[in-house]
Amino acid sequence: MAKAFVLSDESIRNSHGFYLDNKGGNMERFRENPVMLLGHDSTKVIGAWKDVRVEGSRIIAEPEFDEGDTLAVETRGKVERGYLKGASLGILVYGAKNVPNQDTGVEELHVTDWELLEASIVAIPSNASALRVLDAEGNELHGKELSAHLISLSAEGKGKITETHKNMNEIELTAEALTALGLKTTPSDMEALSAAIVALSARATGAEARVKELEADAEKQKKDQAKTLIDDAVKAGKLSADQKDKWLALAEKDYDTVSATLSGMSGRKSIADQINMSSSGASKSRDGWDYMRWLKEDPQGLAQMKAENFEAWQTLHDNYGR
């Protein structure tokens, strides 16, 4: 038996510009009929593949040549003498998508759903240019036709491919897609379409940034408003300093309810009101009294003030003589 062949390597981008993901491959039909062709020519069956397996990023198989076929024997000789070293897959493609490169972040096209039909001995390795690709109906695809087909699959129906199996060079966008891209008609080439998509992406990114900026401003205004409300309540004596943080958290969550609650609360009396208090309760008769007048005319009331309202007494005492 000749040496094993690498049929495909998912870590290498092929000449068609995409990566073939191993995990997306369906090999059931192929395992039942592991036909080996020469150059993807179905009239040149030269044997079968044995021990088809996935090792790391590669799909590997052992060739078994048909000893009763002259072409197969000739091909085996070229393989054993080192003149033929390449192998290639013949596949049906059902699905594709763009996947960000883990190192660069650049999106790369991956075929993620495919079926293996045959594998061939070829002069050029499969990941270079000899990959044979068919659509779901079995039509062989080449060049721009293949590219357009893969783009349609990766778009998941967002764009419409016209004349799918005859002319894949033109993409016809829906009216909604044209409006989103800011276009009046479908671009005549992929470069123009790509430019429109990039511009749309830039606008979306800018809009997202602006929304985040407005949300941040609104959140700051909300917190500032809550802080002012609670600070004023503390100054008015409606809340003590050690209650501030708790009420601030409540106000940030439900400003209107906290504001209404605080508006119904009474604060502490001003120092002036407190000073007017006396043992007799005749507050109006003592308006404007200083410490010395209290001491002369109502020492009993002054003593009661000191005992019951030391803050008011302290204010009078400290202000005396100034």
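Residues numbered from 1 in each chain as written. Predicted model: local features only at pLDDT ≥ 70, side-chain atom pairs only at ≥ 80, totals over all residues. Heavy atoms only, no water.

A. Broad picture of the overall build of the protein. Helix and strand counts for the protein stand at 12 helices and 12 strands. Residue burial in the protein is summarised as follows: out of 322 residues, 35% are buried. For the protein, the share of sequence-separated contacts (at least 6 apart) that also reach a separation of at least 24 residues comes to 56%. (Helix = DSSP H or I, 4+ residues; strand = E, 2+ residues; numbered from the N terminus. Buried < 20%, exposed > 50% of the residue type's maximum accessible area, 1.4 Å probe, protein only. Contact = heavy atoms within 4.5 Å.)

B. View of the pairing of strand E7 (residues 86–100). Bridge analysis of E7 against strand E8 (residues 107–122) gives 14 bridges, and the strand direction is antiparallel. Within E8, the residue paired with Gly 86 across the bridge is Val 122. Taking the residues between adjacent antiparallel strands as the criterion, E7 and E8 are bridged by 6 residues, where Gly 105 takes a positive phi near 80°. Pairing geometry for E7 and strand E9 (residues 132–134), over 3 bridges, is parallel. Bridge pairing links Leu 92 to Leu 134 in E9. (Pairing = 2+ DSSP bridges.)

C. Fine view of the layout of surface pockets. Looking at the second largest pocket, its volume works out to about 250 Å³. Elements supplying a minimum of two residues to the lining of the second largest pocket: E7 and E8. For the lining of the second largest pocket, the per-class residue count stands at 3 nonpolar, 4 polar and 5 charged. (1 Å grid on protein atoms, 1.4 Å probe; cavity = no way out; pocket = protein on both sides within 12 Å on 5 of 7 lines; lining within 4 Å. Points joined across faces, edges and corners; volume = space filled by probe spheres on them. Nonpolar A, V, L, I, M, F, W, Y, C, P; charged D, E, K, R; others polar.)

D. Spatial organisation of the packing of aromatic side chains. Scanning the entire structure with this criterion turns up 4 aromatic pairs. Arranged with centres 5.2 Å apart and planes meeting at 75°, the rings of Trp 289 and Trp 294 form a pair that is edge-to-face. The exposure classification of Trp 289 matches that of Trp 294, with both residues buried. Summarising the aromatic geometry, the rings of Tyr 291 and Trp 313 are spaced 6.2 Å apart at their centres and angled 75° between planes, so their arrangement reads as edge-to-face. Taken together, the residues span a long stretch of sequence, with Tyr 291 in helix H10 (residues 291–297) and Trp 313 in helix H12 (residues 310–319) at a distance of 22 residues. Comparing Tyr 291 with Trp 313 shows no difference in burial state: the two are buried. An aromatic cluster of three or more residues is present, and its members are Tyr 291, Phe 310 and Trp 313. Over the ring of Trp 313 we find Lys 306, and its NZ or CZ is 4.4 Å from the ring centre. (Phe/Tyr/Trp six-rings, centres within 6.5 Å; stacked < 30°, edge-to-face > 60°. Lys NZ or Arg CZ within 6 Å of the ring centre and 35° of its normal.)

E. Up close: the nonpolar core. If you look at the biggest cluster of nonpolar residues, it comprises 32 residues, and the most contacted ones within it are Leu 7, Trp 49, Leu 89, Trp 114, Ile 121 and Leu 150. Put simply, the parts of the chain that give this core at least two residues each are strand E1 (5–9), strand E4 (35–38), strand E5 (41–55), strand E6 (58–65), helix H2 (70–80), E7, E8 and helix H4 (143–154). For this core, the element with the highest residue contribution is E8, accounting for 6 residues. Grouped together as the second largest cluster of nonpolar side chains are 10 residues, Trp 247, Leu 248, Val 258 and Leu 262 included. (Core = buried A, V, L, I, M, F, W, Y, C linked by side-chain atoms within 4.5 Å.)

F. Expanded view of the side chain of Thr 75. Looking at the secondary structure, you find Thr 75 in helix H2. Residue contacts for Thr 75: discarding those within four places in its chain leaves Leu 38, Ile 46, Phe 65, Leu 84 and Ile 121.

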